[in-house]
Structure formats: structure tokens, C-alpha cells
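Take a look at the letters that make up each chain.
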Amino acid sequence: MWIKVHLPHSKWRQNLTIPDQLYAGACVINVCPPLPCQFGKDSTEAWVTDLQHCKLQLLIMALRSAVCRLLVNPQRCAIISASRSQGSAAPAQKAKVQFNWRDGLELEGQLTEDEIMIRDSFRDYCQDKLMPRILMANRNEVFHRDIVSEMGELGVLGPTIKGYGCAGTSYVAYGLIAREVERVDSGYRSVMSVQSSLVMHPIYAYGTEEQKEKWLPRLARGEILGCFGLTEPNHGSDLSGMETRAKFNPSSRTFTLTGSKTWITNSPVADIAVVWAKCDDGKVSGFILERGMKGFTTPKIEGKFSLRASATGMIIMDEVEVPEENLLPKVSGMGGPFGCMNNARYGIAWGSLGAAEFCFHAARQYTLDRIQFGVPLARNQLMQKKMADMLTEITIGLQACLQLGRLIDAKKAAPEMISMLKRNSCVKSLDIARQARDMLGGNGISDEYHVIRHVMNLETVNTYEGTHDIHALILGRAITGLQSFTVNT
Amino acid sequence: MSRVLVGVKRVIDYAVKIRVKPDHSGVVTDGVKHSMNPFCEIAVEEAVKLKEKKFIKEVVAVSCGPTQVTETIRTALAMGCDRGIHVEVSGKDYEAMGPLQISKIFAALAKKEEASLVILGKQAIDDDCNQTGQMTAALLDWPQGTFASEVTIDGEKVKVVREIDGGLETIKISMPAVLTADLRLNTPRYATLPNIMKAKKKKIANMKPADLGVDEPPTRLAGVKVETVDDLVAKLKANGTI
């Protein structure tokens, strides 16, 4: 359906042209009748499709501004009449929108100015300062503690926290930050996630004012590094069965913690640990353990072939005396650790797509550069199909993450949403990384090309913070109302 | 005590592959990534450093152009400037605008704001003119320290180490003065998150060149091609240039 349009003065744009078909038929307008005129069907009418449903921009080329003013009808300021086009020639030309393979669904236009500035500033830091370090750090399994202080200076640790030396940004900004750092390495993003979501967040959400004042500013600056002790050697997915115990001693007003935790990011070099243990009442509580407490040791896990740029270890507690002031009082039960993990999982949903984007771009560049059988690899259909799949998953994944971020900011997000996206982003990113590795051929196994490092890392990212299957059960329970975690009922 | 004016220009990002428009009237700018001119970033960093060392009280970031330049001013605010001034010039005027008009605007602002220093980047990466700083100093009749690779404030004087063809030259000039930043002056900081959030609340004043008494840039006349050097000399003599 075509509508005759009067362009109101306020909407008049300089770069307006008529639809091509009419322009070809229309003569250049050089007569200015005294009355305001419209573009007629023969030469002066302008027809557009229903503006409600199509983003059409009228472009007028070669029309002088004097003539354009003819279109302006100051008396009327709205689209006047809708009438059916009688001619068979329906003007079809629209301003051509260029597809941007780097940003398939124009995520850029959905971000606020702050979010764009934060993302750009942090992206520059990651590419300038982190990318040069990662090759050797990963190869030699070295954790650069400095990056924590550098990130602290930039204010990206605990960014969503308000006050206590933190920036107080939106959750979408947190996601963008995670995506940029994971574009470099998932290990670095793990360090950032642990510090922000698993150490600073529980203290902020469940701690006393004294604890917040004592720990948060120093954690935000990266002066001290924390770790999160939840997973145990015999209890990974089955967290409520944890064996670490916290016995309360009324005489000294301390808790005695005994047990072990494993697969703890940062633990070998951490200054504090937020550890979850079962108390006398059978409920799980959180405790802040400090380096130097007797009986608190953190051996490093050797022989790790993933997240090598970040330090991972165990937390061994042999009757560690923890003062009462170090208990996080505002939560009891599994809700505590799960709340933290949801926070981290959200960051991972964004972050893993950053790693996938790196692999996609790397594969694209490599296949454009490498010539086999006289043509670039990218000329081949199999390669293009793989890249099309990568582009689609990344673009769709990012849109979902953006919506989730906005819901979290509006306090309208349910944990199952986060489970759904963590699960989706991780499995798709792992697949993209593997495909990219394949596309790079033999060079794909060299860490100089970085893709194999992402393949290794994403195995862990897919597993931690809830495996692919566990999140499926969380969603299954929400879908059916029937839990399938245990066999007993 | 002192106020510093820093000029920032919004240019096409250095990493972008420039494409010429099909009608050869210029380069494609629509949808292309723009950012702050790298030398302007260095200028902002120097101004903020001087403020941190307590030599100056206030840093004002100034940019001339259409509405989009406010993004560049916001980046300058996020790096530590206190407030911004957006001198609005759009459309054809913006395309015709060059260093002479910009320096007139800066000269007028420097007087209006009672600035002790005007710090600019040595040149912009899109036009590479390397003229604005020098012209501004001339219009104000202020001393200039251009191609600065080191700036030290010493009482009422500024010691500037300049990068020149022969090496380094050290000069001492009195304030108020105009400085232009060269590459090795400093390394610009990354805008930190808290500063980006704070920048939202900082003010950007809006004005037109006419408000500063600066008139429209003249329409650019087409040039004339001549065949030989003698023709050129004859033409220049004829119109009184030489």
C-alpha cells in the first residue's frame, strides 16, 4: 500500500531522494508553482510504502534546496492520506543498508553512550596490554598478577557495585567488559569474573557494612586478590552434599573450618577466600578466610591444559580458626552461592561469545589469506558455510545476552534465563572455536594463531559454573515442574 | 588560578580503511568509525597531568563541528577534563571549515575563558595541516611551543622541549601560551570506568561561531591550472600576490 507523503518541516532532511523509478520518469523540477506541491505520479508525486512498517528513507538527489522546500507544507505536519497505487509500477527503491558482518544485528545502536565508551576504552586496554602477554603466559603457564592491579586501576573489577570505590555501571556494561577480556583469553576473564562476581559480589550482597568497608575498596583496586571456594573433590555438580564443615566455638566466638575445595581459580595466589561450608544447623554459610590463617593452604593444580594463563588450585582447610566477624551473615543456605554464581554465569554468557568472535574473525582472515589450488580458502563453499553458521550463532547469542542484561538491570531476570544463556553461549562458542581450529588446518594447532588456546579454554568454560547438562536440568525443571537431579523422588 | 583550553578533533579512526566516495567528492564518512585525533588525546593527557600536579585548576575541552563531536568531548571529559564547550558548525560550513576558522574560534574562546594555556595536538590525522596551533598563537599574539615532547611549568614560564628536524630544542616561553603536542609527550591514559560514569554529569556548553564573533568560512573558490612555471609567475604577478 502506498501513501502520499507531505514531508513536515521538522522531518525534512537534506539527503532526500525520490524512489528511482519515479526519478527516471520525472523531469527535474525547475518550476516553482505558487502553491505547495507534492511529487505527482507523473513527475512530482512522491510515493512511499507504509512508513509504519518499513524503515524507508526518502532520498532526493540533485534537487536543490529551494525545490525541496516545495515539499514542505508547514500547515500539515503528518502523513495525510493513504491511497492505493493505481499504476503497476510501485516505487521500490529504499536506501540500501549495508550488512555489517562484524555486527550482524546492529548491537551498536542498542547500547548507551556510556556503554560504548566503556567498551571501547577497555577494548583498547585489552588489545594493547593483554594480547601481547597472553602467548607466553599460556605457553609457560604463568599468571601475571599485575593484570589484576591494572584492571583495578581501570575500574573494571566489581563494576556493577555502587559505592566502595566501584564504578556502578549497568549489567550490560559488565557483559561488554567480559566479552572484551575473553576475546583475549578466557583465563583472564575467569580472574576478572572471580574477583567481581564471586568475591566482591557476595561481600556486597551478604556482608556487614564493616566487611564491605574493609574489603571492597581494596578488591576493587586490585590491591588484594580473592577466590571462591565452593566445589569439592567429591562434590562438583552435587553442591548441597558438600563435606566441608564449620563448627562454631562459643567460647572463642570463632568457627573451625575443615575440608577441601578444588578447581579454585586464583587460590594459589589469593589473599582472601570466600569459602562455603556447612554449619552445625546443616545449612551452608559463607566465610572470609585470610592468607596467613593457620591451617589454610592453597596448593596449585599441576598438569592443567586449559586456562593456563590463570592460576588454579585447591583450598585445604585443616581446622582453620575463623573469627565470627568473617562470617557473611546475610545469607544462609544454598541461595548464597547460587546468587554469586548467577552473577558470574551472566558474565560468562557474554564472555564466551567474545572468544567465539575472536575465533570467527581469525578463521575469516586466515581463509582469506591462505591460497590453495589457486584460490583463497574462503572461496570454498564448505568454508563459507562454516563462517555463516559462526556469524549467525554469535549475532543471535549477543542479542539474547543484551536482552538478559537489560532484564537484570530492571530487576526482572529469573535464574533460569541466565542458565539458558550461559549454556547456549558456551556450547556454541566451543563449537565455533573447534570449527575455526579445523579451518586453520595445521596452523590451527599452533598457539601462535591463538585459536587452539581458545579451544582448550572453552572446554573449561563449558564445564564450570554449571555444566551443559546441569543447566539443561535446571531448564527442564522449569519447563516440566519435575526435577531430575536426583533419583530418590 | 589557571585554566587550560584543550582542543579535540573528531576524525576517522586511524585503523579504518579509508574509501573514496563514488562521486569523488570526498571520503566515505557515514557509518565509519570515528574517534579522537591521537595527537588531541596526547594534548588532553598533558592538560590532565598538569591539573593533577596542581599547576592548573581547570581543564576545558573544546571541539568544533556537528552534534557528533560531543562524543569526542565526552571522551575528553572521561579522561579527566572538567567541562566541555561544543562550538556548533554543521553541514556545508563544517566541510568548508579549516584551520583558520578554528584558530579564530580558539583565539576568541581563549580570551573569553581567560585561559593561561591552549594545548592542541600538533596536527589532525585527516588533513595533516599542522596549522591551527600556530595560527591561534599568532591571532592571540601569544608565544608558542609547538611539537612539544616535554612540558614543564616553572613559575610564570613554560619550558618546552621541541622535536625539530635537527633534534631537540629547549625554549622557555611566558604564559599565556599555545602548545601543540607531539607523539612522545606522554602516553594517553585509558578512560577508567568511574571517570566515564562521572563524565555523564559534567557540563558541555553549546555555542555557535557567531556567538564568539567569528564569521562564516568563505566559500572555497576553484583553483586554476597552468601549463608552465612562467605562466604561474605571470598569474601571481597579475593578481598582486607577488
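Residues numbered from 1 in each chain as written. Chains lettered and ligands numbered in written order. Predicted model: local features only at pLDDT ≥ 70, side-chain atom pairs only at ≥ 80, totals over all residues. Heavy atoms only, no water.

### Focus: the overall build of chain B
Moving on, step 1. For chain B, the count of helices and strands is 7 helices and 11 strands.
Moving on, step 2. In terms of overall size, chain B behaves like a compact globule, its C-alpha atoms giving a radius of gyration of 19 Å where 242 residues would be expected to give roughly 18 Å.
Moving on, step 3. Dimensions along the principal axes, computed over C-alpha positions, put chain B at roughly 60 × 40 × 35 Å.
Moving on, step 4. Taking as baseline every contact in chain B between residues at least 6 positions apart, the subset at least 24 positions apart corresponds to 69%.
Moving on, step 5. Of the roughly 13,100 Å² of accessible surface on chain B, a fraction of 52% belongs to carbon and sulfur atoms.
Moving on, step 6. Of the charged side chains in chain B, 35 are positive and 32 negative, and the gap between their average positions amounts to 6 Å. (Helix = DSSP H or I, 4+ residues; strand = E, 2+ residues; numbered from the N terminus. Rg over C-alpha atoms; globule rule 2.2 N^0.38 Å. Contact = heavy atoms within 4.5 Å. Areas by Shrake-Rupley, 256 points an atom, 1.4 Å probe, with all protein chains shown as cover. Lys, Arg positive; Asp, Glu negative; His and termini not counted. Charge placed at Lys NZ, Arg CZ, Asp CG, Glu CD.)

### Comments concerning the sheet that holds strand β8 (residues 157–164) of chain B
Residues and elements named next belong to chain B.
Moving on, step 1. Pairing within the open sheet is mixed, and its 9 strands lie in the order β9-β8-β7-β10-β6-β1-β4-β5-β11. Edge positions in the sheet fall to β9 (167–174) and β11 (204–207), since each has one partner strand and no second. Taken pair by pair, the neighbouring strands of this sheet meet at an average axis angle of 30°, ignoring direction.
Moving on, step 2. For strand β7 (residues 144–154) and β8, the ladder comprises 6 bridges, and the chain directions are antiparallel. Counted as the bridge partner of Asp154 is Lys157 from β8.
Moving on, step 3. Its contacts with the sheet put helix α2 (residues 69–79) on β4 (58–65), β5 (83–88) and β11, and the angle it makes with β5 is roughly 165°. (Pairing = 2+ DSSP bridges. Axes fitted to C-alpha atoms, helices over the stretch in contact; angles between N-to-C directions.)

### Quick notes on the UniProt feature "domain: Acyl-CoA dehydrogenase/oxidase N-terminal" (unreviewed entry) in chain A
Moving on, step 1. Here, the residues flagged by UniProt with the feature "domain: Acyl-CoA dehydrogenase/oxidase N-terminal" (unreviewed entry) are residues 112–223 of chain A.
Moving on, step 2. Structurally, residues 112–223 of chain A comprises 75% helix and 4% strand, and the distance from its first C-alpha atom to its last is 30 Å. (UniProt positions renumbered as here; feature names shortened; annotations may be inferred.)

### Considering the packing of helix α5 (residues 171–184) of chain A against helix α11 (residues 451–463) of chain A
If you want to describe how two helices pack, look at the angle between their axes and the distance between the axes.
Residues and elements named next belong to chain A.
Moving on, step 1. The geometry of α5 relative to α11 is characterised by a closest axis approach of 10 Å and an angle of 130° between their N-to-C directions. By the angle between their directions, the pair α5 and α11 is classed as oblique. Facing Glu182, Arg183 and Val184 of α5, the residues of α11 in contact are Arg453, His454, Leu458 and Val461.
Moving on, step 2. Among the residues forming the contact of α5 with α11, the class breakdown is 3 nonpolar, 1 polar and 3 charged. (Parallel < 35°, antiparallel > 145°, perpendicular 65-115°, else oblique. Nonpolar A, V, L, I, M, F, W, Y, C, P; charged D, E, K, R; others polar.)

### Side note on the packing of aromatic side chains
Moving on, step 1. Within this structure, the stated rule accounts for 11 aromatic pairs over all chains.
Moving on, step 2. Ring plane angle 25° and centroid distance 5.8 Å describe the contact between A:Phe122 and A:Tyr125, whose orientation is recorded as stacked. In this pair, A:Phe122 and A:Tyr125 are both assigned in helix α3 (residues 113–139), 3 residues apart and thus about one turn of the helix distant. Each member of the pair, A:Phe122 as well as A:Tyr125, carries the same accessibility label: buried.
Moving on, step 3. Measuring from centroid to centroid gives 5.8 Å for A:Tyr366 and A:Tyr449, while their planes differ by 90°, and the two rings are edge-to-face. Of this pair, A:Tyr366 sits in helix α8 (residues 335–369) while A:Tyr449 is found in the loop between α10 (415–439) and α11, placing the two residues 83 residues apart along the sequence.
Moving on, step 4. In this structure A:Tyr449 comes out as partly exposed when scored by relative accessible area, which is 35%.
Moving on, step 5. Here a set of aromatic residues connected by ring pairs shows up, and it is made of A:Phe122, A:Tyr125 and B:Tyr190.
Moving on, step 6. A cation sits over an aromatic face here: A:Arg308 above A:Phe305, 5.5 Å from the ring centre. (Phe/Tyr/Trp six-rings, centres within 6.5 Å; stacked < 30°, edge-to-face > 60°. Buried < 20%, exposed > 50% of the residue type's maximum accessible area, 1.4 Å probe, protein only. Lys NZ or Arg CZ within 6 Å of the ring centre and 35° of its normal.)

### Points about the UniProt feature "domain: Acyl-CoA oxidase/dehydrogenase middle" (unreviewed entry) in chain A
Moving on, step 1. Under the local residue numbering, the UniProt record ascribes the feature "domain: Acyl-CoA oxidase/dehydrogenase middle" (unreviewed entry) to residues 227–320 of chain A.
Moving on, step 2. This span, residues 227–320 of chain A, is 0% helix and 48% strand, and a straight line between its end C-alpha atoms measures 17 Å.

### Structural notes on the confidence of the model for chain A
Moving on, step 1. Per-chain confidence: chain A averages 85 in pLDDT, with 80% of residues scoring 70 or above.
Moving on, step 2. Scored below 50 in pLDDT, residues 5–92 of chain A makes 120 contacts in the model with residues more than four places away or belonging to other chains. (pLDDT = per-residue confidence, 0-100.)

### What to know about the pattern of salt bridges
Should the charged atoms of two oppositely charged side chains come close, the side chains can pair.
Moving on, step 1. If you walk through the whole model with that rule in mind, you get 42 salt bridges over all chains.
Moving on, step 2. One salt bridge in this structure joins A:Asp185 and A:Arg453, with 2.6 Å as the shortest N-O distance. With a gap of 268 residues between them, A:Asp185 in the loop between α5 and α6 (186–206) and A:Arg453 in helix α11 connect regions that are remote in the sequence. With respect to class, A:Asp185 is no different from A:Arg453; both count as buried.
Moving on, step 3. Between B:Arg184 and B:Glu163 there is a salt bridge whose closest N-O contact spans 2.8 Å. With B:Arg184 in the loop between β10 (177–181) and α6 (193–199) and B:Glu163 in strand β8, this residue pair connects regions lying 21 residues apart in the sequence.
Moving on, step 4. Residue classification places B:Glu163 among the buried positions, given a relative accessible area of 18%. (Salt bridge = Lys/Arg side-chain N within 4 Å of Asp/Glu carboxyl O.)

### Observations regarding unusual backbone geometry
Negative phi values dominate among residues other than glycine, just as trans dominates among peptide bonds.
Moving on, step 1. Cis geometry marks the peptide bond from B:Met175 to B:Pro176, where omega comes out at 0°.
Moving on, step 2. Although it is not a glycine, A:His450 adopts a positive phi angle of roughly 70°.
Moving on, step 3. For A:His450, the position within the fold is in the loop between α10 and α11.
Moving on, step 4. In this model, B:Asp141 sits at a positive phi of 60°, which is unusual for a non-glycine residue.
Moving on, step 5. Relative to the helices and strands, B:Asp141 is located in the loop between α5 (132–140) and β7.
Moving on, step 6. The exposure class of B:Asp141 is exposed, given its relative accessible area of 69%.

### Some details on α10(A)
Residue and element names in this part refer to chain A.
Moving on, step 1. Helix length check: α10, at 25 residues, gives a terminal C-alpha distance of 36 Å against a target of 36 Å (1.5 Å per residue), a fit within 8%.
Moving on, step 2. All of the buried residues in α10 are Ile418, Ser419, Leu421, Lys422, Ser425, Cys426, Ser429, Leu430, Ile432, Ala433, Ala436 and Met439.
Moving on, step 3. For α10, the elements touching its buried residues are α8, α9 (381–409), α11 and α12 (468–480).
Moving on, step 4. Among the residues trailing α10, Gly441 stands out with phi positive, at a value near 60°. (Expected span 1.5 Å × (residues − 1).)

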